[in-house]
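# Structural features, examined
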Amino acid sequence: MLITLPISELVPGMFVDSVSKQFEGVDSIKIKTRGLVRDKSIIKRLVSEGVQELLIDFTQSDVSVPAKYQLKPEVAAATANNPNKLKIKKVISVEQEFAKASVSYEQHNRNLQSLYGDVTSGLKMNIALLDGIAKDIVASVFRNHNAMTILTRIKDKHMYNWRHMTNCAIFVTVFAKYLGYKESVVQELAMGALLHDLGQAKLPQGIFSKSEKVNKLEMQAIKKHVAQSLGLVKGEKGITPLMLDMIVNHHERLDGSGYPRGLLGEKLSRPARIMAIVDVYDAMTADRPHQLGDEPVNALRYLLANKHMFDGELVQRFIKCLGVHPVGTIVKLTNERLALVTEGNHQNPIQPKVKVFYNAKHSHHITAKDVDLTSPGHDLKILASIKPLDYQLNLARLLKEHLLV
């Protein structure tokens, strides 16, 4: 069992899995070691190095879980009688998860770029690599669903194909968790999202790197990616009917206007409908060689306005899940300040938690401050989401400055 503890509660006999929060002074050394705390001298050293919070693994500790962190008797009994009935997941802060998620996100994109290149060259696809990526994304989202989602806001038009694979897997995972799917099913959905467009690697790559929109002939070629994706995965170990459904039907639409078979709504499963929504949302908000990404609110409006094509109830729930201004979005407030959305609000999607960091009126950074837009202590509202480049802001650098512990 993993539990985050303040340094004041650390005692000899506890096994430190990692340091989750550390004050970084001029001379401090970033603590990265893990292991058993054998005596108080180790605790004194950690305190002197500015360690504030630690992730403790009690399965490897010599001491029991402190009383206030123990499960209630009835929950513990249910778990003891049926270990598979209940799995306790330690939810950690977005700052705690962001450092790990940032490294994983970039690593996944590099691995997918390499895998994409292998498929383009006619080499065998590494299914085990994709499975590992899916598992890592699901694990991160179940620890904190905001950290990975924030990273989807970083754009790079030259890496769209594989970033789209990663981002779709993240969005599907976040949405499926919100909808209450079991983790084992979420795992399948994440894998289906990673695979849904892989067949594009088998098509002429010049089509995807064009700076102009594709013509009708090129569009006909692109539509073949569904069959290509299916051909790549069919017969591979671990590929389930649910994954195949997502691959085959993510371009189908409720009114029969989609492809490849023009299926009508009653023949489209819920996973296929989820994949359709996520696929369009990420495609619209991402930078691509032929277009700059639109703001999330406009993509959500498009999905909402096209109920004849997309499942209206699922779109509504997707908006509640992500928020009108998803985490990682820069917004302008009514007090002429810019803020980074750090946490959504499922009850009221237009009032998320934000981190105010910039004076837009006088064009300068200010001391960052966390603000919950639902709190009664102010009357701040979001005016609009803004593009970081409109204020010469580098989003990737901004995220590291304000979210890395």
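Check the entry above for the structure.
The structure contained in this document is the topic of the report that follows.

Definitions and cut-offs
- Every chain is numbered independently, its residues counted from 1 as its sequence is written.
- Local features in this predicted model are restricted to residues whose pLDDT is 70 or higher, and side-chain atom pairs enter the listing and the counts only when it is 80 or higher, whereas totals over whole chains, interfaces and linings include all residues.
- As a rule here, side-chain values come from all non-hydrogen atoms in the structure, and water together with hydrogens is ignored.
- Elements are defined by DSSP. Helices are runs of H or I of four residues or more, strands are runs of E of two residues or more, and each kind is numbered from the N terminus.
- Every radius of gyration here is taken over C-alpha atoms, with the globule rule written as 2.2 Å times N^0.38, N being the number of residues.
- Residue burial is assigned from relative accessible area. The probe radius is 1.4 Å, only protein chains are included, and a residue is buried under 20% of its type maximum, exposed over 50%, and partly exposed in between.
- In this description, contact between two residues means that some pair of their heavy atoms is separated by no more than 4.5 Å.
- This arc corresponds to the set of directions leading from the helix axis out to the C-beta atoms.
- Two N or O atoms form a polar contact when they lie within 3.5 Å of each other; inside protein one atom must be a possible hydrogen donor and the other a possible acceptor, and for residues adjacent in sequence the pair counts only when both atoms belong to side chains.
- What counts as a ring pair is set by centres within 6.5 Å for rings of Phe, Tyr and Trp (its six-membered ring), and what kind of pair is set by the plane angle: stacked under 30 degrees, edge-to-face over 60, tilted for all other angles.
- For two strands to be treated as a pair, DSSP must find no fewer than two bridges joining them.
- Axis angles are defined between N-to-C directions and span 0 to 180 degrees, where every axis is a line fitted to C-alpha atoms and, for a helix, only to the segment in contact.
- If an angle is under 35 degrees, it is roughly parallel; if it is over 145, roughly antiparallel; if it lies from 65 to 115, roughly perpendicular; otherwise it is oblique.
- Each residue receives one of three labels: charged for Asp, Glu, Lys and Arg, nonpolar for Ala, Val, Leu, Ile, Met, Phe, Trp, Tyr, Cys and Pro, and polar for the others, Gly being one of them.
- In this scheme the crossing of two helices becomes right-handed for a clockwise turn of the near helix relative to the far one and left-handed for an anticlockwise turn of less than a right angle.

### A look at the overall build of the chain
The number of helices and strands found in the chain is 15 helices and nine strands. The C-alpha radius of gyration computed for the chain amounts to 23 Å, which stays within 12% of the reference 22 Å derived for 405 residues, consistent with globular compactness. Dimensions along the principal axes, computed over C-alpha positions, put the chain at roughly 70 × 60 × 40 Å. A total of 405 residues make up the chain; the buried ones form 49% of that total. Contacts in the chain between residues at least 24 apart in sequence constitute 67% of all its contacts with a sequence separation of at least 6.

### Points about helix 10 (residues 225-233)
All of the buried residues along helix 10 are His225, Val226, Ser229, Leu232 and Val233. Down the axis, helix 10 shows its buried residues gathered within 125° of arc, on one side only. Structural note: helix 10 exposes Ala227 and Gly231 on the side pointing more than 90 degrees away from its buried face. Buried residues in helix 10 make contact with helix 3 (94-120), helix 7 (183-195), helix 9 (216-222) and helix 11 (241-249).

### Side note on the side chain of His250
Positionally, His250 belongs in the loop between helix 11 and helix 12 (270-285). In this structure the side chain of His250 is engaged in a polar contact, spanning 3.2 Å, whose partner is the backbone oxygen of Met246. For His250, the side chain forms a polar contact with the main-chain oxygen of Ile247, separated by 2.9 Å. Setting aside chain neighbours within four positions, we find His250 in contact with His196, Asp197, His225, Val226, Ala272, Met275, Ala276 and Asp279.

### Details of the environment of Ile127
Following the sequence through the fold, Ile127 ends up in helix 4 (residues 127-143). Through-space distance from the C-alpha of Ile127 to that of Asp279 is 21 Å; in sequence the pair is 152 residues apart. Apart from residues lying up to four places away in sequence, Ile127 is in contact with Met191, Leu195, Glu236, Lys237 and Ile239.

### Observations concerning the packing of aromatic side chains
For the structure on display, the rule yields seven aromatic pairs. Ring centres of Tyr281 and Phe318 lie 5.4 Å apart, and the angle between their planes is 80°; this geometry places the pair in the edge-to-face category. Taken together, the residues span a long stretch of sequence, with Tyr281 in helix 12 and Phe318 in helix 14 (residues 312-322) at a distance of 37 residues. Comparing Tyr281 with Phe318, the two get one shared label, buried. Grouping aromatic residues by their ring pairs yields a cluster made of Phe171, Phe175, Tyr281 and Phe318.

### Let's talk about the sheet that holds strand 4 (residues 51-57)
Reading across the sheet, the four strands line up as 1-4-2-3 and stay open at both edges, with antiparallel pairing between neighbours. Each edge of the open sheet carries a strand with a single partner, namely strand 1 (2-6) and strand 3 (35-36). Bridge analysis of strand 1 against strand 4 gives five bridges, and the strand direction is antiparallel. The residue bridging Pro6 from the neighbouring strand is Glu53, located in strand 4.

### Brief notes about the sheet that holds strand 6 (residues 337-343)
The strand order 8-7-6-5-9 describes an open sheet built from five strands, whose pairing is antiparallel. Looking at the sheet topology across the chains shown, the edges are occupied by strand 8 (364-372) and strand 9 (382-386). Mean inter-strand twist for the sheet, computed between neighbouring axes without regard to direction, equals 30°. Across four bridges, the pairing between strand 5 (residues 330-333) and strand 9 is antiparallel. Following the sheet pairing, Ile330 is matched in strand 9 by Ile386.

### Quick look at the packing of helix 6 (residues 160-179) against helix 14
Where helix 6 contacts helix 14, the two axes come as close as 10 Å, and the packing angle between them is 100°. Taken together, the axes of helix 6 and helix 14 are roughly perpendicular relative to one another. Contacts from Phe171, Val174, Phe175, Tyr178 and Leu179 in helix 6 reach Leu314, Arg317, Phe318, Lys320, Cys321 and Leu322 in helix 14. A class-by-class count of the residues in the contact of helix 6 with helix 14 yields nine nonpolar, no polar and two charged.

### Overview of the pairing of strand 5
Sheet topology note: the strand 5/strand 6 ladder contains three bridges and is antiparallel. Across the sheet, the residue bridging to Lys332 is Leu338, located in strand 6. Where strand 5 folds back onto strand 6 in an antiparallel hairpin, the turn is made up of three residues, including Glu336, whose phi is positive at roughly 65°.

### Some points on the packing of helix 6 against helix 7
Between helix 6 and helix 7, the shortest axis-to-axis distance is 8 Å and the interhelical angle comes to 155°. As summarised for this structure, helix 6 and helix 7 are arranged roughly antiparallel, according to the angle between their axes. Crossing angle aside, the handedness with which helix 6 passes helix 7 is right-handed. On helix 7, the residues touching Met165, Thr166, Cys168, Ala169, Val172, Thr173, Ala176 and Lys177 of helix 6 are Val186, Leu189, Ala190, Ala193 and Leu194. In terms of residue class, the contact of helix 6 with helix 7 is made up of 10 nonpolar, two polar and one charged.

### Considering the pairing of strand 7 (residues 353-359)
Summarising burial for strand 7: six of the seven residues are buried, a large majority. In this structure, strand 6 lies alongside strand 7, joined through six bridges in antiparallel fashion. Bridging across to strand 7, Leu338 finds its partner in Tyr358. Across six bridges, strand 7 lies against strand 8 in antiparallel orientation. Within strand 8, the residue paired with Asn359 across the bridge is His364.

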